[in-house]
Amino acid sequence: MIICCGEALMDMLPRRLADDREAFLPVPGGAVFNTAVALGRLGEDTQFLSGLSTDMFGRKLMAFLDESGVGTAYCVRSARPTTLAFVTLSGGNAQYSFMDENTAGRMLSADDLPILPDTAQALHFGAISLIPEPCGSTYETLMRRLYEKAVISLDPNIRPGFVTDESAYRERLNRMIAMSDIIKVSEEDLDWLEPGRAFEIVARDWIDRGASIVTLTMGDKGARAITRDHEITVPTQPVAVVDTVGAGDTFNAGFLAGLRQTGGLSKHGLTQLDEDALRKALALGAEVAAYTVGQAGANPPWRAALSC
């Protein structure tokens, strides 16, 4: 079982009406939510852990998870509102403005955390759920409880415009990086986390601190992975890009599913991963991301749509 731990929200996607007025279309989203949905559609045993509202948007999020084959037994429901993320697109690239005060997701506390089963093979964390309080501390607490037992996957997915206390956020990410087995960053994330430092150097530093695999997504230049023994790159599949919403999130899903399918998604398995298995997992991540950028919003593929 893979448990995705983090935010669920409604992406408010820009649209132009027939009379040329601007409007926003509410679409289920959130980085960790997108990863969970993609894993469910790939046929993986997936659960989602988050604070979810009982409002109309919260019900829509729950239904979307259910339709995608994702379990919701570890979702904490409340009457607080759902987080909204208003999206603007520039050249197909997404920028976000968040409405997150006193929301169901943000107000998740450590006291709300459910007891997770021993069958939890891996936990995935990241994105804006690690920034505000109390949920940021809550997810860090959950990671600390389980990082010695389960595989920990982390995608910081930095949103600088959402960060109000940069020093505290950097300290949290550093602590969580030290507890993570799999770390994924984009080029933008890397520039924010380690400005001016090459990916190879940063990856080796993180591996020395305990990580098994560090991956870098590079848009149309493909994706890279570094382990203690291997360093590989796979190309991006050619696709007509509609927008990049959910690209990195769904890459995570493909990569985790690929590792699980090769038997590598365990503490021991990650340290024994050979180059062929690593390449297959990286290629599946790249294919899932390529499919997603060809869709409007984060709409990851079902397994039958893929070649890997």
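Quick notes on the rules
Residues numbered from 1 in each chain as written. Predicted model: local features only at pLDDT ≥ 70, side-chain atom pairs only at ≥ 80, totals over all residues. Heavy atoms only, no water. Helix = DSSP H or I, 4+ residues; strand = E, 2+ residues; numbered from the N terminus. Buried < 20%, exposed > 50% of the residue type's maximum accessible area, 1.4 Å probe, protein only. Pairing = 2+ DSSP bridges. Axes fitted to C-alpha atoms, helices over the stretch in contact; angles between N-to-C directions. Parallel < 35°, antiparallel > 145°, perpendicular 65-115°, else oblique. Left-handed = near helix turned anticlockwise from the far one by under 90°. Contact = heavy atoms within 4.5 Å. Nonpolar A, V, L, I, M, F, W, Y, C, P; charged D, E, K, R; others polar. Phe/Tyr/Trp six-rings, centres within 6.5 Å; stacked < 30°, edge-to-face > 60°. Polar contact = N/O pair within 3.5 Å; in protein donor to acceptor, adjacent residues only side chain to side chain.

Novice: Is there a simple way to think about unusual backbone geometry in this case?
Specialist: A negative phi angle characterises most non-glycine residues, just as the trans form characterises most peptide bonds. For the bond running from Glu133 to Pro134, omega is 5 degrees, close enough to zero to count as cis. Relative to the helices and strands, Pro134 is located in the loop between strand E10 (122–126) and helix H3 (135–146). You will see that Asn102, though not glycine, has its phi angle at about 55 degrees, which is positive. Relative accessible area serves as the criterion here: at 44%, Asn102 is assigned to the partly exposed category.

Novice: What am I meant to see in the sheet that holds E10 here?
Specialist: What links the strands of a sheet is backbone hydrogen bonding, and the strands pair in either a parallel or an antiparallel sense. Overall, mixed pairing links the 9 strands, which are arranged E6-E4-E1-E10-E11-E12-E13-E14-E15 in an open sheet. In the strand order of this sheet, the two ends are held by strand E6 (70–71) and strand E15 (231–234), each with one partner.

Novice: Is there a simple way to think about the packing of H3 against helix H4 (residues 166–178) in this case?
Specialist: When two helices pack together, their arrangement is given by the angle between the helix axes and the distance between those axes. Packing of H3 against H4 brings their axes to within 10 Å, and their N-to-C directions diverge by 20 degrees. Here H3 is positioned roughly parallel relative to H4, judged by the angle of their axes. In this structure, H3 crosses over H4, and the sense of that crossing is left-handed. Here Gly136, Ser137, Tyr139, Glu140, Met143 and Arg144 of H3 lie close against H4, whose contacting residues are Arg172, Arg175 and Met176. Partitioning the contact of H3 with H4 into residue classes produces 3 nonpolar, 2 polar and 4 charged.

Novice: Would you mind showing me how to read the packing of helix H1 (residues 31–41) against helix H2 (residues 56–67) here?
Specialist: Two elements in contact, H1 and H2, have axes separated by 9 Å at closest approach and are oriented at 30 degrees. In terms of axis orientation, H1 runs roughly parallel to H2. Counting all contacts with H1, which are made through Phe33, Val37 and Arg41, the residues of H2 involved are Leu61, Phe64 and Leu65. Tallied by class, residues from the contact of H1 with H2 come to 5 nonpolar, no polar and 1 charged.

Novice: Hey, could you run me through the packing of aromatic side chains in this one?
Specialist: In this description, an aromatic ring pair is defined by two values, namely the gap between the centres and the angle between the planes. Counted by the stated rule, this structure contains 6 aromatic pairs. Where Phe33 meets Phe48, the ring centres are 5.8 Å apart and the plane angle is 85 degrees; that geometry is what we call edge-to-face. Taken as a pair, Phe33 in helix H1 and Phe48 in strand E4 (residues 46–49) lie far apart in primary sequence, 15 residues in all. For Phe48, a relative accessible area of 0% translates into the label buried. Ring plane angle 50 degrees and centroid distance 5.5 Å describe the contact between Tyr169 and Trp192, whose orientation is recorded as tilted. Taken together, the residues span a long stretch of sequence, with Tyr169 in helix H4 and Trp192 in helix H5 (residues 187–193) at a distance of 23 residues. On the basis of relative accessibility, which here comes to 2%, the residue Tyr169 falls in the buried class. Of the aromatic side chains, those joined through ring pairs into one cluster are Phe33, Phe48 and Phe64.

Novice: What exactly am I supposed to notice about the side chain of Thr83 here?
Specialist: Tracing the backbone through its elements, the reader meets Thr83 in the loop between strand E7 (76–78) and strand E8 (84–90). When its relative accessible area of 5% is taken as the criterion, Thr83 is described as buried. Within the structure, Thr83 has its side chain in polar contact with the side chain of Asp100 (distance 2.5 Å).

Novice: Whenever I open this one, the pairing of E4 confuses me. Can you help?
Specialist: Side-chain alternation along E4 places Thr46 and Phe48 on one buried face and Gln47 and Leu49 on a second face that is also buried. With 4 bridges joining them, strand E1 (residues 2–5) and E4 adopt parallel strand pairing. Its bridge partner lying in E4, Ile2 is registered against Thr46. Here E4 runs beside E6; their pairing, made up of 2 bridges, is parallel.

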